[in-house]
Amino acid sequence: MKFLFFFALFFCAIAYLFYLLTRRSIKSVYAELEGTNKWLRKIRAVFKGIFQLIAY
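None of the values given here were measured: they were computed from a predicted structure.

A. Geometry of the overall build of the chain. Helices and strands together make up the secondary structure of the chain, namely 2 helices and 0 strands. Against the compact-globule benchmark of 10 Å for 56 residues, the chain has a radius of gyration of 15 Å, which places it well outside the compact range. Taking the principal axes of its C-alpha atoms as reference, the chain extends roughly 45 × 25 × 15 Å. Relative to its 56 residues, the chain shows a buried fraction of 12%. About 5,300 Å² of surface is accessible on the chain, with carbon and sulfur atoms providing 72% of the total.

Have a look at this one:
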């Protein structure tokens, strides 16, 4: 059980650090996208924001 707890804690820490790294690029892409569907726009912004970080 200790291993599972520390594994979950480690995974949450990595996910939070990844969020901190990508939130600025995701917000800028979200502002550039046009569309009426809010959820589709958010999903596209996440993928394009991550791609921009990897590509550039």
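So that's the structure; there's more coming.
B. Helix 2 (residues 38–55), seen in detail. An ideal rise of 1.5 Å per residue puts 26 Å on 18 residues; helix 2 measures up with 25 Å between its terminal C-alpha atoms. Of the residues flanking the start of helix 2, the one acting as N-cap is asparagine 37, its side-chain oxygen 3.3 Å from the backbone nitrogen of tryptophan 39.

C. Representation of the packing of aromatic side chains within the structure. If you walk through the whole model with that rule in mind, you get 3 aromatic pairs. Both rings, one in phenylalanine 5 and one in phenylalanine 6, keep their centres 5.3 Å apart while their planes meet at 70 degrees; by these two values the pair is edge-to-face. Centroid distance tyrosine 16 to tyrosine 19: 6.4 Å. Interplanar angle 35 degrees. Geometry classified as tilted. Placement of both tyrosine 16 and tyrosine 19 in helix 1 (residues 2–32) is noted, with a separation of 3 residues, approximately one turn of the helix. The ring of tryptophan 39 is capped by lysine 38, whose NZ or CZ atom sits 5.8 Å from the centre of that ring. It is lysine 42 that lies over the ring of tryptophan 39; its NZ or CZ is 5.0 Å from the centre.

D. Seen up close, helix 1. Given a rise of 1.5 Å per residue, 31 residues ought to cover 45 Å, and the 45 Å separating the end C-alpha atoms of helix 1 matches this to within 8%. Of all bends in helix 1, the biggest is about 45 degrees, found at threonine 22.

E. Here's a closer look at the side chain of serine 25. Structurally, serine 25 can be placed in helix 1. Owing to a relative accessible area of 12%, serine 25 belongs among the buried residues under this scheme. For serine 25, the side chain forms a polar contact with the main-chain oxygen of threonine 22, separated by 3.0 Å. Polar side-chain contacts of serine 25 include one of 3.4 Å to the backbone oxygen of glycine 49. Residues within four places of serine 25 in sequence aside, it is in contact with Gly49 and Leu53.

Conventions and cut-offs
- Residues numbered from 1 in each chain as written.
- Predicted model: local features only at pLDDT ≥ 70, side-chain atom pairs only at ≥ 80, totals over all residues.
- Heavy atoms only, no water.
- Helix = DSSP H or I, 4+ residues; strand = E, 2+ residues; numbered from the N terminus.
- Rg over C-alpha atoms; globule rule 2.2 N^0.38 Å.
- Buried < 20%, exposed > 50% of the residue type's maximum accessible area, 1.4 Å probe, protein only.
- Areas by Shrake-Rupley, 256 points an atom, 1.4 Å probe, with all protein chains shown as cover.
- Expected span 1.5 Å × (residues − 1).
- Polar contact = N/O pair within 3.5 Å; in protein donor to acceptor, adjacent residues only side chain to side chain.
- Phe/Tyr/Trp six-rings, centres within 6.5 Å; stacked < 30°, edge-to-face > 60°.
- Lys NZ or Arg CZ within 6 Å of the ring centre and 35° of its normal.
- Bend = angle between axes of the 7 residues up to and from the residue.
- Contact = heavy atoms within 4.5 Å.

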